[in-house]
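# Inside the fold
Here are the chains, one letter per residue:
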Amino acid sequence: MTEPRFVVGPGYALYRGPLADSAPHRHAAFQVAVAAPGGEVTIADGAGVRHRGEAVVVAPMVRHRMAPTRRVLVFYVDPHCAFADRLRAEHVDGVRVAPGGES
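A quick note: this is a predicted structure, and the numbers were derived from the prediction, not measured. (Residues numbered from 1 in each chain as written. Predicted model: local features only at pLDDT ≥ 70, side-chain atom pairs only at ≥ 80, totals over all residues. Heavy atoms only, no water.)

### Regarding the sheet that holds strand β5 (residues 50–53)
Strands in a sheet are paired, the pairing made by backbone hydrogen bonds, and the direction either parallel or antiparallel. Read across the open sheet, the three strands follow the order β5-β4-β7; overall the sheet is antiparallel. Edge strands, defined here as strands with exactly one partner in the open sheet, are β5 and β7 (64–66). Strand-to-strand, the axes of this sheet are offset by a mean angle of 20 degrees, without reference to chain direction. Bridge count between strand β4 (residues 41–45) and β7: three bridges; the pairing is antiparallel. Opposite A44, over in β7, you have R65 as the bridge partner. (Pairing = 2+ DSSP bridges. Helix = DSSP H or I, 4+ residues; strand = E, 2+ residues; numbered from the N terminus. Axes fitted to C-alpha atoms, helices over the stretch in contact; angles between N-to-C directions.)

Here you go:
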């Protein structure tokens, strides 16, 4: 049986798999991108600054672009749920490498 690549649930969506180079974009959800073991995620913000680490968080409505990667786990979190409140407390705006996720 193949693992699901895209799952949607109450207050979240989850994508697992490869990513091609994305165009600059923004969305209403928090985005938490987690690298495969031993890898890293690279996300450039609207100014072109590259944020690289094991896990990178993008706040809602922040322009960004993800670099290609062979395998990533990306969570999209409804900005109005309790988990989003926790993300907001640590990642007020912009694109940030998650604490402990620096490489």
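### So, the sheet that holds strand β8 (residues 69–77)
Judged by pairing direction, the sheet is antiparallel, and its six strands sit side by side in the order β1-β2-β8-β3-β6-β9 without closing on themselves. Each of the sheet's edge strands pairs with one partner strand only, and the pair in question is β1 (6–9) and β9 (95–97). Sheet twist, expressed as the average angle between the axes of neighbouring strands with direction ignored, equals 15 degrees. Pairing between strand β3 (residues 30–35) and strand β6 (residues 55–58): four bridges, direction antiparallel. In the strand pairing of β6, A33 is matched with V56. Of the strands in this sheet, β3, β6 and β8 touch helix α1 (residues 82–90), which is tilted by about 75 degrees from β3. (Contact = heavy atoms within 4.5 Å.)

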